[in-house]
Amino acid sequence: MNAAEPDWLDLRVPFDDAARQYALPLLDKAARALSLDTERQVGTERQVGTERPLVVIDLGAGTGNSMRFFDRCLAQRLPERPLHWVLVDADESALEIAADRFGTTVRTVAAPISSLPAIAAKVLGEVATEVGTASLTEVGTAKPRGERRTAAAASPDSCDLLITGSALLDVLTREDLATIVETLHRFSGVGLFLLSISGQWRLTPSHPDDGVLDEAFAHHQLRESRLGTHAATVLETTARNTGAQVETSASPWHLEAPRDSEFLTRFLTERVDAAIEEEPRLQARGRAWLEDRWAQSGLTVVVDHTDVLIDATVQHDTRTAQLGTRRGEPKR
């Protein structure tokens, strides 16, 4: 993961949040999948006064803006589920900002995506132990000795897993995406990844140099084995190959001048800078293109993104039925 500047992350918040509204149907489906998984795991033997905890790992968490959105939406859709947040990012200083921003306790981990399976296993185990310990001290719910749950017997199976991310996939590699899918498969989790660039954007009015600058920018995004605009498609294919259910949808930014001039200035300038870094011969054309764009008071820009929902709880059920696994056995 490449660290983004905290001020850029904050500047894009209102535009990201507006685009995320298109993802609400996917959020509804993610919540439903997690609810169904709880029903399958617990059945009719639901613990008195408790709900299965949900561990949410936000990848590329930055300063916490992605968590803020997901936390609010999940609280609305799963109001009785205890949420245990884990923020993962390569930038430790950004995670410190995130930790300071939220009154709720969050775990922060400065680590690469390759560490995700170990992070998930560790936190699921910790949360399961916390829940097991709490159940021993819960007033009024004492059970016969043989029925009591103990912290030592706590299993990650007593928690559900959701992995989230925003504006993340395009800076990841094929190996990173395989690790995400492997983790979802291993722990029968749900993944929801929003705002991945698709490579499509439309500027009105058009400009003769739109195409050449766009092509150079797209090539720049593929540096260091990153997948750029191909990431969402690669993730979808990789997840489907494991038997998971996958659904995608679009979440565009709608920008216009002069209303969004501060954001447009930063967005277009950094895009041209990347194009020039990839193709230095475009230096003069890129700067002239920016000057032309700043002179267009009616400029509108639509930037397309792709959202990806992965439900790996279903593939686990199918595998369980095929193997005849009994409820309560560890997930393989």
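Predicted model, so just to flag it, every value in this text is computed and none were measured.

**Structural notes on the overall build of the protein chain**
Looking only at helices and strands, one finds 12 helices and 8 strands in the protein chain. Counting the 332 residues in the protein chain, one finds 48% classified as buried. The contacts in the protein chain between residues at least 6 apart in sequence include a share of 82% that link residues at least 24 apart. With an accessible surface of roughly 15,600 Å², the protein chain has 52% of that area assigned to carbon and sulfur atoms.

**With respect to helix α8 (residues 210-220)**
For α8, every residue scored as buried is listed here: Asp210, Leu213, Ala216, Phe217 and His220. Looking straight down α8, one finds its buried side chains confined to an arc of 140 degrees; they lie on one side. Where the residues of α8 are buried, they touch β5 (190-204), α10 (261-278) and α11 (283-294).

**Points about the nonpolar core**
Ranked by size, the top nonpolar core spans 54 residues in total, and within it Phe267 and Val301 carry the most contacts. Apart from residues no more than four positions distant in its own chain, valine 301 is found in contact with Trp201, Arg202, Leu203, Trp253, His254, Leu255, Leu264 and Phe267. By size, the runner-up hydrophobic cluster in this structure holds 38 residues, among which are Leu172, Leu177, Ile180 and Phe193.

**Quick look at the layout of surface pockets**
Of the voids in this model, the largest pocket is the one considered here, and its volume is about 1,000 Å³. Lining the largest pocket are 40 residues, and of these Ala4, Trp8, Arg12, Asp170 and Val171 sit closest to its centre. At 6 residues, the largest contribution of residues to the lining of the largest pocket is made by α10. Here the residues of the lining of the largest pocket sort into 17 nonpolar, 11 polar and 12 charged.

**A few points about the packing of aromatic side chains**
The final tally for this structure, using the stated rule, is 7 aromatic pairs. In this structure an aromatic cluster arises from ring pairing among Trp8, Phe15, Trp201, Trp253, Phe263 and Phe267. Over the ring of phenylalanine 69 we find arginine 20; its NZ or CZ atom is 5.1 Å from the centre of that ring. The ring of tryptophan 201 has arginine 271 lying over it, and the distance from NZ or CZ to the ring centre is 3.7 Å.

**Looking at the packing of α10 against α11**
Packing of α10 against α11 brings their axes to within 9 Å, and their N-to-C directions diverge by 165 degrees. When the axis of α10 is compared with that of α11, the two are roughly antiparallel. In this structure, the crossing between α10 and α11 has a hand that is right-handed. Listed contacts from α11 to Leu264, Thr265, Leu268, Thr269, Val272, Asp273 and Ile276 of α10 are Gln283, Gly286, Arg287, Trp289, Leu290 and Trp294. When the residues that make up the contact of α10 with α11 are grouped by side-chain class, the tally is 7 nonpolar, 4 polar and 2 charged.

**Things to note about the packing of helix α7 (residues 174-186) against helix α9 (residues 231-240)**
Where α7 meets α9, the closest approach of the two axes is 10 Å, and the angle between their N-to-C directions is 40 degrees. The angle between the axes of α7 and α9 places the two elements in the oblique class. α7 and α9 meet at a crossing whose hand is right-handed. Facing Arg174, Leu177, Ala178 and Val181 of α7, the residues of α9 in contact are Ala231, Val234, Leu235, Thr238 and Ala239.

**As for the confidence of the model for the protein chain**
Mean pLDDT for the protein chain: 85, with 81% of residues reaching 70 or above. Confidence drops under a pLDDT of 50 for residues 136-154, and excluding neighbours within four residues, the segment shows 19 contacts in the predicted structure. Taken together, the stretch residues 316-332 has pLDDT below 50 and engages in 20 contacts with residues farther than four places along the chain or on a different chain.

Conventions and cut-offs
- Position numbers for residues count from 1 along each chain, tracking the sequence in the order it is written.
- Where local features are concerned, this predicted model is filtered to residues with pLDDT of at least 70; where side-chain atom pairs are given and counted, the filter is 80 or more; whole-chain, interface and lining totals use all residues.
- Water and hydrogen atoms were dropped before computing side-chain values, which therefore reflect all heavy atoms in the structure.
- Put simply, DSSP marks the helices as runs of H or I at least four residues long and the strands as runs of E at least two long, and each gets a number from the N terminus on.
- Here's how the labels work: a residue is buried when its accessible area is under 20% of the maximum for its type, exposed when over 50%, partly exposed in between, all with a 1.4 Å probe on protein chains only.
- The criterion used for residue contact is that any of the two residues' heavy atoms lie within 4.5 Å.
- Note on areas: Shrake-Rupley, 1.4 Å probe, and residue coverage restricted to the protein chains presented here.
- By construction, the arc corresponds to the directions joining the helix axis to the C-beta atoms.
- The nonpolar core is taken to be a set of buried Ala, Val, Leu, Ile, Met, Phe, Trp, Tyr and Cys residues, with the residues joined through side-chain atoms within 4.5 Å.
- Within this scheme a cavity is a closed region of a 1 Å grid, computed over the protein atoms alone, that accommodates a 1.4 Å probe without allowing it to escape, whereas a pocket is open but has protein on both sides within 12 Å along at least five of seven lines; lining residues each have an atom within 4 Å of a point.
- Grid points are joined across faces, edges and corners, and a volume is the space filled by probe spheres set on the points.
- Gly counts as polar in this scheme, as do all residues outside two lists: the nonpolar Ala, Val, Leu, Ile, Met, Phe, Trp, Tyr, Cys and Pro, and the charged Asp, Glu, Lys and Arg.
- Here the aromatic set is Phe, Tyr and Trp, taking the six-membered ring for Trp, and pairing holds for ring centres within 6.5 Å; pairs whose planes are under 30 degrees apart are stacked, those over 60 apart are edge-to-face, and all others are tilted.
- When the NZ atom of lysine or the CZ atom of arginine is within 6 Å of a ring's centre and also within 35 degrees of its normal, the charge is said to sit over that ring.
- Only the contacting stretch of a helix is used when fitting its axis, a line to C-alpha atoms as for every element, and angles between N-to-C directions run 0 to 180 degrees.
- An angle below 35 degrees is treated as roughly parallel, one above 145 as roughly antiparallel, one from 65 to 115 as roughly perpendicular, and anything else as oblique.
- Each crossing gets its hand from how the near helix is turned against the far one by less than a right angle, where anticlockwise is left-handed and clockwise is right-handed.
- Values of pLDDT, which run from 0 to 100, indicate the predictor's confidence residue by residue.

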